[in-house]
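So the chains spell out like this:
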Amino acid sequence: DAMVIQNPRYQVTQFGKPVTLSCSQTLNHNVMYWYQQKSSQAPKLLFHYYDKDFNNEADTPDNFQSRRPNTSFCFLDIRSPGLGDAAMYLCATSVGTSDYGYTFGSGTRLTVV
Amino acid sequence: EDQVTQSPEALRLQEGESSSLNCSYTVSGLRGLFWYRQDPGKGPEFLFTLYSAGEEKEKERLKATLTKKESFLHITAPKPEDSATYLCAVQGNNDMRFGAGTRLTVKP
């Protein structure tokens, strides 16, 4: 089945130690998104790629970076995780800036110790 | 700025007890209003898109409606397996903006 896959499902990292989360998709969607979701809160958009064009939200901390080496893969890099970065990180894809909804992965739960 | 407010934050129902979830929104140039279901520890799962006031969509026990200011997700005769968080999101001229969700619990 075509889908969005996030790895790992759970990630524990040390305070200040760089960490990378990955997302792959078999849908051939041209837009990929990274959201941060904290407990009982709305998913918050960090950035997205429209094809190869990177779009950063104005309030996304510089600590967060992203790479999209090809259509299928997208990575979220957190350069120096703090305790406040503990959250669920969701990857999503869409066709264009879609009027048809996004397809989400199952998320990566990040714990910072 | 686009804004989405969902109420109530949490809702507990008995099996078979119908109810409605509310999503109030302000958006510049609505292109679509979306409902998602999110199970604990998982990503949101797409349910419906509504594009214009007066539109309605149905899926099993769920029915979504849309006005110019709000959307309702009606749940008819819910079952325990309907327990989840239901997220509303709007797509305007900017990126999709989500509400914080309504956490629904259906007791047998």
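This text gives an overview of the structure that appears in the document. Predicted, not measured: the structure shown is a model, and the values here were computed from it. (Residues numbered from 1 in each chain as written. Chains lettered and ligands numbered in written order. Predicted model: local features only at pLDDT ≥ 70, side-chain atom pairs only at ≥ 80, totals over all residues. Heavy atoms only, no water.)

### Some details on the overall build of chain A
Short version of the rule: Helix and strand definitions follow DSSP, with helices as H or I runs of at least four residues and strands as E runs of at least two, each counted in order from the N terminus. Throughout, radius of gyration means the C-alpha value; the globule benchmark is 2.2 Å times the number of residues raised to the power 0.38. The rule is simple: take the accessible area with a 1.4 Å probe, protein chains only, and divide by the maximum for that residue type; under 20% is buried, over 50% is exposed, in between is partly exposed. Contacts are assigned to residue pairs that have any heavy atoms within 4.5 Å of one another. By the counting scheme adopted, Arg and Lys are positive, Glu and Asp are negative, and His together with the chain ends is not counted. The atom standing in for a charge is NZ when the residue is Lys, CZ when it is Arg, CG when it is Asp and CD when it is Glu.
Tallying secondary structure elements over chain A gives zero helices and 11 strands in all. Start at the N end of chain A and walk to the C end: the helices and strands fall as β-β-β-β-β-β-β-β-β-β-β. Against the 2.2 N^0.38 benchmark of 13 Å for 113 residues, chain A shows a C-alpha radius of gyration of 13 Å, consistent with a compact globule. Counting the 113 residues in chain A, one finds 49% classified as buried. Long-range contacts, defined here as pairs at least 24 residues apart, represent 56% of the contacts in chain A between residues at least 6 apart. Separation between the mean location of the 9 positive side-chain charges and that of the 9 negative ones in chain A comes to 9 Å.

### Brief notes about the interface of chain A and chain B
Reports of interface size often rely on the accessible area that becomes lost once the parts have come together. Note the following rule: What gets called buried area is simply the loss in accessible area from a 1.4 Å probe that two parts show on being joined, summed for both. Salt bridge, as used here, is a side-chain nitrogen of Lys or Arg placed within 4 Å of a carboxyl oxygen of Asp or Glu. Counting of polar contacts relies on pairs of N or O atoms within 3.5 Å, with two restrictions inside protein: one atom must be capable of donating a hydrogen and the other of accepting it, and residues adjacent in sequence are counted only when both atoms are side-chain atoms.
With 21 residues of chain A at the interface, the matching set in chain B holds 19 residues. Counting each side, the surface lost to burial between chain A and chain B is near 1,500 Å², with a carbon and sulfur contribution of 48%. If you look at where chain A meets chain B, you find zero salt bridges. Run the count over chain A and chain B and you get four residue pairs in polar contact (both at pLDDT 80 or more).

### Looking at the pattern of salt bridges
Within this structure, the stated rule accounts for seven salt bridges over all chains. The shortest N-O distance in the salt bridge between Lys44(A) and Asp59(A) comes to 3.3 Å. Here Lys44(A) is found in strand 5 (residues 44-50), whereas its partner Asp59(A) is found in the loop between strand 6 (53-56) and strand 7 (64-67), with 15 residues between them in sequence. Looking at Lys44(A), the relative accessible area reads 30%, which means it is partly exposed. For Asp59(A), a relative accessible area of 52% puts it in the exposed group. Linking Lys57(B) and Glu55(B) is a salt bridge whose minimum nitrogen-to-oxygen distance equals 3.6 Å.

### Examining the packing of aromatic side chains
The geometry of an aromatic ring pair comes down to the distance between the two centres and the angle between the two planes. Rules: Note on ring pairs: Phe, Tyr and Trp rings are taken, using the six-membered ring of Trp, and paired if centres are within 6.5 Å. Classes follow the plane angle, with under 30 degrees stacked, over 60 edge-to-face and the rest tilted.
Tallied over the entire structure, the rule returns 13 aromatic pairs over all chains. Ring centres of Tyr35(A) and Phe98(B) lie 5.5 Å apart, and the angle between their planes is 85 degrees; on these two criteria the pair is classed as edge-to-face. Of the two residues, Tyr35(A) sits in strand 4 (residues 31-37) while Phe98(B) sits in strand 10 (residues 97-98), which places them in two different chains. Both residues of the pair, Tyr35(A) and Phe98(B), belong to the buried class. Clustering of aromatic rings is evident, with ring pairs tying together Tyr33(A), Tyr35(A), Tyr102(A), Phe104(A), Tyr36(B), Phe46(B) and Phe98(B).

### Things to note about the pairing of strand 1 (residues 3-7) of chain B
All names here are of chain B. Worth spelling out the cut-off: Here, strands pair whenever DSSP counts at least two bridges between them.
Going residue by residue along strand 1, you find Val4 and Gln6 tucked away on one face and Gln3, Thr5 and Ser7 left uncovered on the opposite face. Strand direction decides the pairing type here: strand 1 and strand 3 (residues 19-26), joined by five bridges, are antiparallel. Of the residues in strand 3, the one forming a bridge with Gln3 is Thr26.

### Looking at the environment of Gly101(B)
Residue and element names in this part refer to chain B. The residue Gly101 is located in the loop between strand 10 and strand 11 (102-107) in this model. By relative accessible area, Gly101 is classed as buried at 8%. Separated by 96 residues in the primary sequence, Gly101 and Thr5 have C-alpha atoms spaced 8.3 Å apart. Each residue touching Gly101, except ones within four places of it in the same chain, is listed here: Gln6, Pro8, Glu9, Thr85, Tyr86 and Leu87.

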